[in-house]
Amino acid sequence: EAGVAQSPRYKIIEKRQSVAFWCNPISGHATLYWYQQILGQGPKLLIQFQNNGVVDDSQLPKDRFSAERLKGVDSTLKIQPAKLEDSAVYLCASSFGPVDYEQYFGPGTRLTVT
Amino acid sequence: AQSVSQHNHHVILSEAASLELGCNYSYGGTVNLFWYVQYPGQHLQLLLKYFSGDPLVKGIKGFEAEFIKSKFSFNLRKPSVQWSDTAEYFCAIDNNNDMRFGAGTRLTVKP
């Protein structure tokens, strides 16, 4: 079974620039999550999709972050404009369903904002 | 809002030593509980989970955790660690799709 794919693996940008991350979940997984993991901290949930609808985006900084999952499969997370404090690993995870199912994590994208 | 506390930031053990990593959470209702592990250079992966039933949960690689509701705890244990257990361990709770992770405990096992 193929795992969760993410790209790029690494990205370095200057502050005020824009960046986008891509995630392809495990086939058949209806639920997709984006997390932000700052160095020394645990992952923080940014947004959760059920198919192509948003279930929870309460911790997403909506003034600069956006995410979409148009066809209920792949997803993109965008930051525009980036700030220094956005430097983190952005993790994508997927699960078969929204409740009581294991989340499978991708390798993450390490973002450095200079 | 619910939160998760992992008391140990970094634990160093010798091979064959016993391990216990602490995890406490703050939430009064029903939660699902997880331990995830991240080996060097690898993805986060699930070690074990508790949804209901027997509060002593067995996971992969000889790990187990005990849910003590009265103490809001879900400590991870292993009777004898190996060098290959060197990794970062994260406790997490999920209440109605609101997943919260602890800050993690880095475990170093000396050969």
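What comes next is a walk through the structure. Residue numbers restart at each chain and count upward from 1, following the sequence in its written direction. Lettering of chains starts at A and numbering of ligands starts at 1, both following the order in which they are written. Residue-level local features of this predicted model are given only where pLDDT is at least 70; pairs of side-chain atoms are given and counted only at 80 or more, and the full residue set underlies all totals for whole chains, interfaces and linings. Computation of side-chain values covers all heavy atoms of the structure but excludes hydrogens and water.

Let's talk about the nonpolar core
Keep this limit in mind: Only buried residues count toward a nonpolar core, which is a set of Ala, Val, Leu, Ile, Met, Phe, Trp, Tyr and Cys residues joined through side-chain atoms within 4.5 Å. Think of it in three bands: residues with accessible area under 20% of the maximum for their type are buried, residues over 50% are exposed, and the middle band is partly exposed, with areas taken using a 1.4 Å probe on protein chains only. Counting from the N terminus, the helices are the DSSP runs of H or I reaching at least four residues and the strands are the DSSP runs of E reaching at least two.
With 28 residues, the main nonpolar core has B:Leu33, B:Trp35, B:Leu47, B:Leu48, B:Phe74, B:Leu76 and B:Tyr89 as its most contacted residues. Contributions of two or more residues to this core are made by strand E2 (10–14), strand E3 (19–21), strand E5 (32–38), strand E6 (44–50), strand E8 (64–68), strand E9 (73–78), strand E10 (87–95) and strand E12 (105–110) of chain B. Examining the composition of this core, we find that four residues originate from one element, E10(B), more than from any other. Counting 21 residues, the second largest nonpolar core, distinct from the first, contains A:Leu46, A:Phe65, A:Leu77 and A:Ala88.

Focus: the pairing of strand E11 (residues 98–101) of chain B
All names here are of chain B. The line we're drawing: Strands pair, by our definition, only if DSSP identifies at least two bridges between them.
By the alternation rule, side chains of E11 split into Asp98 and Arg100 and Met99 and Phe101, which are all buried. Looking at chain direction, E10 and E11 are connected through four bridges and run antiparallel. By the bridge assignment, Asp94 is partnered in E11 with Met99. Counting the residues that bridge the hairpin from E10 to E11 gives two residues, and of these Asn96 lies at a positive phi of roughly 55 degrees.

Examining the sheet that holds strand E1 (residues 5–7) of chain A
All names here are of chain A. Put simply, the test is: A fitted line through C-alpha atoms represents every axis, and for helices the fit uses only the stretch in contact; the resulting angles, taken between N-to-C directions, go from 0 to 180 degrees.
Ordered by their spatial adjacency, four strands build an open sheet running E1-E3-E8-E7, and the pairing between neighbours is antiparallel. Edge positions in the sheet fall to E1 and strand E7 (65–68), since each has one partner strand and no second. Between one strand and the next, the sheet's axes are offset by a mean angle of 15 degrees, whatever the strand orientation. In this sheet, strand E8 (residues 75–79) lies alongside strand E3 (residues 19–24) in antiparallel orientation, the contact comprising five bridges. What sits directly across from Trp22, in E8, is Thr76.

Description of the state of the cysteines
What makes a disulfide is a covalent bond joining the sulfur atoms belonging to two cysteines. To keep things clear, this is the line we draw: Any two cysteine sulfur atoms within 2.5 Å of one another count as a disulfide.
As enumerated under the stated definition, the model contains two disulfides over all chains in all. At a sulfur-sulfur separation of 1.9 Å, the disulfide partner of A:Cys23 is A:Cys92. Taking the torsion about the S-S bond as the criterion, the A:Cys23 to A:Cys92 disulfide, at about -70 degrees, is left-handed. Of this pair, A:Cys23 sits in strand E3 while A:Cys92 is found in strand E9 (residues 88–95), placing the two residues 69 residues apart along the sequence. By relative accessible area, A:Cys23 is classed as buried at 0%. Covalent S-S linkage joins B:Cys23 and B:Cys91, the inter-sulfur distance amounting to 1.9 Å. One quick way to see it: the torsion about the S-S bond of B:Cys23 and B:Cys91 is about -65 degrees, and its sign makes the bridge left-handed. Of this pair, B:Cys23 sits in the loop between E3 and strand E4 (24–26) while B:Cys91 is found in strand E10, placing the two residues 68 residues apart along the sequence.

Some thoughts on the packing of aromatic side chains
Worth spelling out the cut-off: Any two of the Phe, Tyr and Trp rings considered here, Trp counted by its six-membered ring, make a pair once their centres fall within 6.5 Å; the pair's planes then place it as stacked at under 30 degrees, edge-to-face at over 60, or tilted in between.
Under the defined criterion, the tally for this structure stands at 15 aromatic pairs over all chains. Their ring planes at 40 degrees and their centres at 5.4 Å tell us that A:Tyr35 and A:Phe105 sit as a pair that is tilted. Placement of the pair is A:Tyr35 in strand E4 (residues 31–37) and A:Phe105 in strand E10 (residues 104–105), with a sequence separation of 70 residues. Of the two residues, A:Tyr35 and A:Phe105, neither departs from the other in class, the shared state being buried. Their ring planes at 90 degrees and their centres at 5.6 Å tell us that A:Tyr35 and B:Phe101 sit as a pair that is edge-to-face. With A:Tyr35 in strand E4 and B:Phe101 in strand E11, this residue pair bridges two chains.

Section: unusual backbone geometry
Keep in mind that most residues, glycine aside, have a negative phi and that most peptide bonds are trans. With an omega of -10 degrees, the peptide bond between A:Ser7 and A:Pro8 qualifies as cis. As for its placement among the helices and strands, A:Pro8 is situated in the loop between E1 and strand E2 (10–13). With an omega of -5 degrees, the peptide bond running from A:Gln80 to A:Pro81 counts as cis. Following the sequence through the fold, A:Pro81 ends up in the loop between E8 and E9. For A:Asn51, which is not a glycine, the phi torsion comes out positive at approximately 55 degrees. Considering the arrangement of structural elements, one finds A:Asn51 in the loop between strand E5 (44–50) and strand E6 (53–56). The class of A:Asn51 is partly exposed, set by a relative accessible area of 39%. Phi angles above zero are rare outside glycine, and B:Ala16 is one such case at about 80 degrees. Along the chain, B:Ala16 falls in the loop between E2 and E3.

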